[in-house]
Amino acid sequence: MTTSHPVPVSLAEIARIAGVGRAAVSNWRRRHDSFPARIGGSDVSPQFSLSEVEQWLRDNGKLANAGGREFLWPRFEALGSRDESGLAIAEAARRMRAPRARATAAGLSAEARELAGEAARLGRSEGPRETFEFLLQRWLDTHVRQLSTTPPQLAALMARIALGTRITDGGGGLTVLDPACGTGHLLTAAAHAYDGPDPVLLGCEREPALADLARARLTFATEGREARTEIVTADALRTDPFAGLRADIALCNPPFNERDWGYEELATDQRWTHGLPPRTEPELAWVQHLTAHLRPGGSAVIVLPPAVASRKAGRRIRGSLLRTGLLKAVVALPPGCAQPHSVSLQLWVLRTAPEGPAAGPGAQDALLIDATRAGRPGTREQGPDWEALTASVLSAVARLDSPERELPEDAVRVSLLDLLDDEVDVTPGRYTGSGGEPSGVELSASWQELTGTLGELAGLATHLSKLGLTGSEPRTTATVGDLVKAGALTLHAGQQPADTAPLAGTSGTPLLTVPDLLMEGTPGRLLAPGAAHTSAEEGDVIVAGVVRAFRAWVHQGPPVALGPQLYALRVDPEMLDAHFLAGCLRAPANGRQAGTHASSSSRVDIRRLQVLQLPLGEQAAYADAFRRLTDFEQLLRRAGELGGGLVNDAGDRIAAGGLTTARNG
């Protein structure tokens, strides 16, 4: 390793390199005096020298499952700049493909060029494609809040819809366009979905690092095929590098809610054949950009926020798209399909009229598909049921040009007469009705889930009833303050953030506040990059220090910043079990006794909270009981939600005459 300065790595990164849990690394640090000393960070988030860690892991036989790629990534991350690390990864990919190449990306530092060379050499020995994909995915994961990417499953679905709905001849191969391609997710999906000859993959991206990564990705995606790829670094709306081009299919996941998209300078642009997009409707500029680049019979699929389907400012353009037959279908997706993950995004399917005999009469309706219930709602960590979602959407889209075929229950054809009213609202849920009434399959699934939940509840109730909770003798307790003094844990108080941003589409650390706990229980804001904060990491016990939101739990997942009246307690695992501590702390009586006032808005003095004094060996049984009690509470809440929903849904279905057993009996 030839870097001129130490490359810092966190405990989590060391755990990833060694293929173990973070707790194991913490144990190594405590039990081995030879473990490398901290070179930076803080007591909460210490950092260590990568070279020293690597040597220690090798000397102590802790690298059985580690590969060379794991040691590469921290060095790319240490380059500091998101753009430079991305350009360095792209440069490494070029050198993997062409070992004798000497040209490098402009602006790369000597350290970045050297690192790209090392990565290329490793890639040639461990697999160029695998090494590039590993580095690219780590880069995307690291900068997930700064980049809006299209998940592979959604990209594949969009490519299949576009290929399935086009009416172009395609005799000379397929031309695909993505005018806001990012790192090439959609173009790669199109390359994989199309098995014909000579595809032409064209993309445009305004950020040089993303454009370079897209070029590298497509080089690997088209390996072994006669394909032409071209990625241009430009703003496609302001400076269209493919003016005059006509593509067979176009795919796009454009930037959302951009106000500075070129409204003034593009006011007379010839692409706006359906009307000048309002300043507040940049998405409709992207829609018209796509349709302007389709050849007759070509198809486009674009990801849009749901408001585009109904906002008053865009109704004139929506009406024109419908009247001309360009807007063929709108698909409402479940939340969690792409960023922002809390929103039910939509796919708009657009197609230009074919030429010649295939033209036929103009469309008199549009296909609206409400797929929000086709797959379970997802999150960033766990997406929707992609298999079920894909099957449902493709089944409906396959009937786009077959009006005689029966549609699935979550799809409906709506006549232009009904759509072209004062609102021109093309939101699928407004017409399908599937958002309010579950299908028979969904009702059956809910009953099965309720039956399983009740079974788990019964099992937990039986176990908890046998714990012997009566006749216990008073046990000695210690306060959190006592445990801090004894070194059994460290206490870190949350703080008022100086600057925050909305959760979707920006960079920073998720910020958890007391109002979040009172509402949805998940972070709703981001802490601005570089802002001072208190971080809770995986395994820490988080305590809400206010009576109305009093609770304590063991944090799971990535680090989260804590706002005022939230506290992170980091235990010494040789003295305290985190789940045992959380269980003791969240006892309701504990919070009441430690409260400073009687009102629900009063604060809880965290240092006064009581914890049983037990040897570490005995804490495990208590921790298990606390976990089971928490599981029981969550299952009880879920059973209530399921039961209440089933009472309403089944009642509506029965009242509407849906009791088939009555007719059959």
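For clarity, every value in this text was computed on a predicted model and none was experimentally measured. (Residues numbered from 1 in each chain as written. Predicted model: local features only at pLDDT ≥ 70, side-chain atom pairs only at ≥ 80, totals over all residues. Heavy atoms only, no water.)

As for helix H4 (residues 68-77)
And then number 1: Burial analysis of H4 places 7 of its 10 residues in the buried class, the great majority of the element.
And then number 2: Within the span of H4, buried status applies to Glu70, Phe71, Leu72, Trp73, Pro74, Arg75 and Phe76.
And then number 3: Buried residues in H4 make contact with strand E1 (8-10), helix H1 (11-18), helix H3 (50-59), helix H5 (82-97), helix H6 (110-126) and helix H7 (128-142). (Buried < 20%, exposed > 50% of the residue type's maximum accessible area, 1.4 Å probe, protein only. Helix = DSSP H or I, 4+ residues; strand = E, 2+ residues; numbered from the N terminus. Contact = heavy atoms within 4.5 Å.)

Observations concerning the sheet that holds strand E2 (residues 40-41)
And then number 1: Taken in spatial order, the 3 strands make up an open sheet running E1-E3-E2, and their pairing is antiparallel. The sheet is open, and its two edges are formed by E1 and E2, each paired on a single side.
And then number 2: Relative to strand E3 (residues 46-49), E2 runs antiparallel, the two being bridged by 2 bridges. By the bridge assignment, Gly41 is partnered in E3 with Pro46.
And then number 3: Along the sheet, H1 makes contact with E1 and E3, crossing E1 at roughly 85°. (Pairing = 2+ DSSP bridges. Axes fitted to C-alpha atoms, helices over the stretch in contact; angles between N-to-C directions.)

Details of helix H19 (residues 578-585)
And then number 1: Of all 8 residues making up H19, 7 are buried, and the element is well covered by its neighbours.
And then number 2: Residues of H19 that are buried: Ala578, Phe580, Leu581, Ala582, Gly583, Cys584 and Leu585.
And then number 3: One side-chain oxygen at the N-terminal end of H19 lies 2.8 Å from the backbone nitrogen of His579; it belongs to Asp577. (Polar contact = N/O pair within 3.5 Å; in protein donor to acceptor, adjacent residues only side chain to side chain.)

Observations regarding the nonpolar core
Side chains of nonpolar character tend, in soluble globular proteins, to be buried together.
And then number 1: Counting 47 residues, the largest nonpolar core has Ile161, Leu251 and Leu347 as the members making the most contacts within it.
And then number 2: Per-element tally for this core: the top contributor is helix H8 (residues 152-165), with 8 residues.
And then number 3: Setting aside residues up to four positions removed in sequence, Ile161 forms contacts with Val301, Leu347, Val349, Val393, Leu394 and Val397.
And then number 4: One finds Leu177, Val200, Leu284 and Leu350 within the second-largest nonpolar core, a separate group that totals 41 residues. (Core = buried A, V, L, I, M, F, W, Y, C linked by side-chain atoms within 4.5 Å.)

What to know about the sheet that holds strand E5 (residues 200-205)
And then number 1: Taken in spatial order, the 9 strands of this open sheet run E6-E5-E4-E7-E8-E10-E9-E11-E12, and their pairing is mixed. The open sheet has two edge strands with one neighbour each: strand E6 (228-233) and strand E12 (411-415). The sheet shows a mean angle of 15° between the axes of neighbouring strands, direction not considered.
And then number 2: Where strand E11 (residues 365-370) meets E12, 5 bridges bridge the pair, whose relative direction is antiparallel. Of the residues in E12, the one forming a bridge with Leu367 is Arg413.
And then number 3: Where helix H10 (residues 208-221) meets the sheet, its contacts fall on E5 and E6, and the angle it forms with E6 comes to roughly 175°.
And then number 4: Running at roughly 45° to strand E10 (residues 346-351), helix H12 (residues 315-323) makes contact with strand E9 (327-332), E10 and E11 of the sheet.

Topic: the side chain of Ser49
And then number 1: Note on placement: Ser49 falls in strand E3.
And then number 2: Engagement of the side chain of Ser49 in a polar contact is seen with the side chain of Ser51, the distance being 3.0 Å.

Some details on the packing of aromatic side chains
And then number 1: Going through the model one piece at a time under the given rule, you end up with 7 aromatic pairs.
And then number 2: With a centroid separation of 5.6 Å and 85° between ring planes, the pair formed by Phe35 and Phe48 is classed as edge-to-face. Taken as a pair, Phe35 in the loop between helix H2 (22-31) and E2 and Phe48 in strand E3 lie far apart in primary sequence, 13 residues in all. Neither residue differs from the other here; Phe35 and Phe48 are each classed as buried.
And then number 3: Seen from their ring centres, Phe132 and Phe220 are 5.3 Å apart, and the 25° between their planes marks the pair as stacked. One end of the pair, Phe132, is in helix H7; the other, Phe220, is in helix H10, and 88 residues separate them in sequence. Residues Phe132 and Phe220 agree in their burial class; the two are buried.
And then number 4: Every member of this aromatic cluster is reached through a ring pair, and the members are Trp28, Phe35, Phe48 and Trp56.
And then number 5: A cation over a ring is seen here: Arg97 above Phe220, with NZ or CZ 5.7 Å from the ring centre. (Phe/Tyr/Trp six-rings, centres within 6.5 Å; stacked < 30°, edge-to-face > 60°. Lys NZ or Arg CZ within 6 Å of the ring centre and 35° of its normal.)

Things to note about the pairing of strand E19 (residues 541-544)
And then number 1: Side chains Val541 and Val543 project from E19 onto one buried face, and the interleaved Ile542 and Ala544 project onto a second face that is buried too.
And then number 2: Direction of pairing for E19 relative to strand E20 (residues 551-554): antiparallel, over a ladder of 4 bridges. In the strand pairing of E20, Val541 is matched with Val554.
And then number 3: Here E19 folds back onto E20 in antiparallel fashion, the turn holding 6 residues.

Considering the confidence of the model for the protein
And then number 1: Within the protein, residue pLDDT values average 84, and 86% of them lie at 70 or more.
And then number 2: Across residues 499-507, where pLDDT falls below 50, the model places 27 contacts with residues more than four positions away in sequence or in other chains.
And then number 3: Confidence drops under a pLDDT of 50 for residues 596-601, and excluding neighbours within four residues, the segment shows 8 contacts in the predicted structure. (pLDDT = per-residue confidence, 0-100.)

Notes on the packing of H19 against helix H21 (residues 616-655)
And then number 1: It is the contact of H19 with H21, at a shortest axis distance of 8 Å, that shows an interaxial angle of 60°. When the axes of H19 and H21 are compared, the pair comes out oblique. The way H19 lies across H21 gives a crossing that is left-handed. Counted together, His579, Phe580, Gly583 and Cys584 of H19 and Gln619, Tyr622, Ala623, Phe626 and Arg627 of H21 form the full contact between these two elements.
And then number 2: Of the residues assigned to the contact of H19 with H21, the class counts are 5 nonpolar, 3 polar and 1 charged. (Parallel < 35°, antiparallel > 145°, perpendicular 65-115°, else oblique. Left-handed = near helix turned anticlockwise from the far one by under 90°. Nonpolar A, V, L, I, M, F, W, Y, C, P; charged D, E, K, R; others polar.)

Topic: unusual backbone geometry
And then number 1: Here the amide bond leading from Gln339 into Pro340 is cis, since omega sits at -10°, within 30 degrees of zero.
And then number 2: Relative to the assigned elements, Pro340 resides in the loop between E9 and E10.
And then number 3: A positive phi angle is found at Asp198, which is not glycine, with a value near 50°.
And then number 4: Counting through the fold element by element, Asp198 comes out in the loop between helix H9 (185-193) and E5.
And then number 5: A positive phi angle, close to 50°, is found at Val424, a residue other than glycine.
And then number 6: Turning to its location among the elements, Val424 is positioned in the loop between helix H14 (416-419) and helix H15 (429-432).

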